[in-house]
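# What the coordinates show
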Amino acid sequence: MIAFDTNALFDAYRLNGNARREFFSALHLLRTRLWIPHRVGLEFMRGRLGVIHECVSASNEVGQVIERSVKPLLQQLGKRRGLNQATIKQLEEIMDKAVAAINDVVAELYKFDVPPHAHPDEDPIFMQLEAIIEGKIGPPLPAADVASVEREGLRRIAEKIPPGYKDKHKDDPNAVGDYVLWEQMLREATVRQVPVLFVTRDAKEDWIWKEHGQTQGPRVELTEEMAARAGQPFHLVDVTSFLRHADTYLSAHISSATLEQAESLSYTSEMLDHILDRAISGQSIAARLLRKRLRDLLSTEPTTVTTALAKVLGEFIRELAATTASPQEVLDAIRKLLPPSSGRDGLIAEAAMRVLAYDDPGEKESALANALLTLMGWKYTVSESGHSGDL
């Protein structure tokens, strides 16, 4: 029995073109061995539109990043070289044409034709996936068992018994989601009496066993519980490993380009540790919280480190707006969190502009973000006619 987690099924949207076709082909070849826990189906339907929005936005991000980064630099160049506004405007028009050309290429490479609010019947990716998993979704827990399973899930969270205790920050109904999924897998394996392979992108320690920083497989407690309850072995792999095995054992014909794309959608735990250590310095409470938030973003969203870090810093600026700290104190505090080699002021400026332009800021948040930009020599305002910025 090969069960899929929600985050792994969402790769049906995140993979592009031929990679998506090969992913679907591999799923189809599993036939009756493919099984989707009812909890996964529920979470998939709840999160589908969010993933679609994420994918629709992805192709626009390149142009947005270029525009936010280059236009202020053109203004800076104009001031340093004494260029008049007409010349700067001419340069900006050239840049706009270049960005439009880049966006056209990105849109071609990253074709995603699902409307942001598509009903499932208007979503071709969903319809293909539905055809593959039809009849392979497990039943919900019996109504009489729901309360006791949720109580057990909360107990296990409190006592750090895997899986699911790393979700203790979520609201109670969602916090026990991983345990409900696990209970459904245990029951299905008991009925089928077959070994279980779980395909997931979850790299948290309540699923994964690590030795000396290296992933060894599932937590020992999980393999022991599956053996005790169902009398069957249990293993888990990520999507990239699943595709490699499908190529080897199912003759799924998975291309190296698809494997590379699948690998790029997530970071291994070891890679994340290295990235986080280089992205955020220190062991203060603020540093640890920012590293955790950055890890969560990089683990769950297809994004670059720089974009994710700017988003995390933007959230931090919004939180600091509620304190009595002065803008200079806020700037000094953020600088201490970023290594000198990270281009600190550029990242802080990007985060402040994100607060101003994309996060619908309140009055205090806008004032703080503008003050930070001013302290670093930036000026950036948001008006009804759009955004403007210079150095």
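The structure displayed is predicted, hence computed values, not measured ones. Numbering of residues begins from 1 in every chain and follows the order in which that chain's sequence is written. Local features in this predicted model are restricted to residues of pLDDT 70 or higher, and side-chain atom pairs are both shown and tallied only at a pLDDT of 80 or more, whereas totals for entire chains, interfaces and linings draw on every residue. Note that water and hydrogens are dropped before the side-chain values are worked out from all heavy atoms of the structure.

## Quick notes on the packing of helix α9 (residues 177–192) against helix α10 (residues 220–230)
To characterise two packed helices, one gives the angle between the axes of the helices and the distance between these axes. Short version of the rule: Convention adopted: a line fitted to C-alpha atoms gives each axis, helices being fitted over their contacting stretch, and angles between N-to-C directions are expressed from 0 to 180 degrees. Helix and strand definitions here come from DSSP, where helices need a minimum of 4 consecutive H or I residues and strands a minimum of 2 consecutive E residues; each element is numbered from the N-terminal end. Any angle between 65 and 115 degrees counts as roughly perpendicular, while under 35 counts as roughly parallel, over 145 as roughly antiparallel, and the rest as oblique. Note on convention: near helix rotated counterclockwise from far helix by under a right angle means a left-handed crossing. Clockwise means right-handed. By definition, residues are in contact when any of their heavy atoms lie within 4.5 Å. Each residue gets one label: Ala, Val, Leu, Ile, Met, Phe, Trp, Tyr, Cys and Pro are nonpolar, Asp, Glu, Lys and Arg are charged, and the others, such as Gly, are polar.
Viewed as axis vectors pointing N to C, α9 and α10 meet at an angle of 40°, and their least axial separation amounts to 9 Å. One element, α9, and the other, α10, form an angle in the oblique class. Crossing of α9 against α10: the hand is right-handed. Facing α9, whose interface residues are W182, E183, M185, L186, R187, A189 and T190, α10 presents L222, E225, M226, R229 and A230. Along the lines of polarity and charge, the residues of the contact of α9 with α10 split into seven nonpolar, one polar and four charged.

## Things to note about the pattern of salt bridges
Opposite charge on two side chains allows them to pair when their charged atoms are near. This is how the line gets drawn: By convention in these notes, a salt bridge is any Lys or Arg side-chain nitrogen within 4 Å of a carboxyl oxygen on Asp or Glu.
All told, the structure shown has 15 salt bridges when counted by the stated rule. Its salt-bridge partner being R48, residue D123 comes within 2.8 Å of it at the nearest N-O pair. Separated by 75 residues along the polypeptide, D123 in the loop between α5 (85–109) and α6 (124–133) and R48 in helix α4 (residues 38–81) bring together distant segments of the chain. Residues R156 and E152 are paired through a salt bridge, measuring 3.9 Å at the closest nitrogen-oxygen approach. Of this pair, R156 and E152 are both found in helix α7 (residues 143–158), four residues apart, which corresponds to roughly one turn of the helix. Each of E152, R155, R156, E159 and E225 takes part in one network of salt bridges that share partners.

## Let's talk about the confidence of the model for the protein
For clarity, the threshold we go by: What pLDDT expresses is the predictor's confidence in each residue, scored from 0 to 100.
On average, residues of the protein score 81 in pLDDT, and 79% of them reach the 70 mark or higher. Low pLDDT, under 50, characterises residues 380–391; the stretch is placed with 32 contacts to residues that sit more than four places away or in other chains.

## Examining the environment of L250
Mapped onto the elements, L250 comes out in the loop between α11 (239–249) and α12 (256–264). Apart from residues lying up to four places away in sequence, L250 is in contact with A26, L29, L30, R33 and H245.

## Points about α9
Threshold: Take the number of residues in a helix, subtract one, and multiply by 1.5 Å to get its expected span. Exposed residues in this analysis have more than 50% of their type's maximum accessible area, buried residues have under 20%, and partly exposed residues fall in between, with area computed by a 1.4 Å probe over protein chains only.
Between the first and last C-alpha of α9 there are 23 Å, a value that for 16 residues agrees with the 22 Å anticipated at 1.5 Å per step. With twelve of 16 residues buried, α9 is to be regarded as a mostly interior element. Listed in full, the buried residues belonging to α9 are G177, D178, Y179, V180, L181, W182, E183, Q184, M185, L186, E188 and A189.

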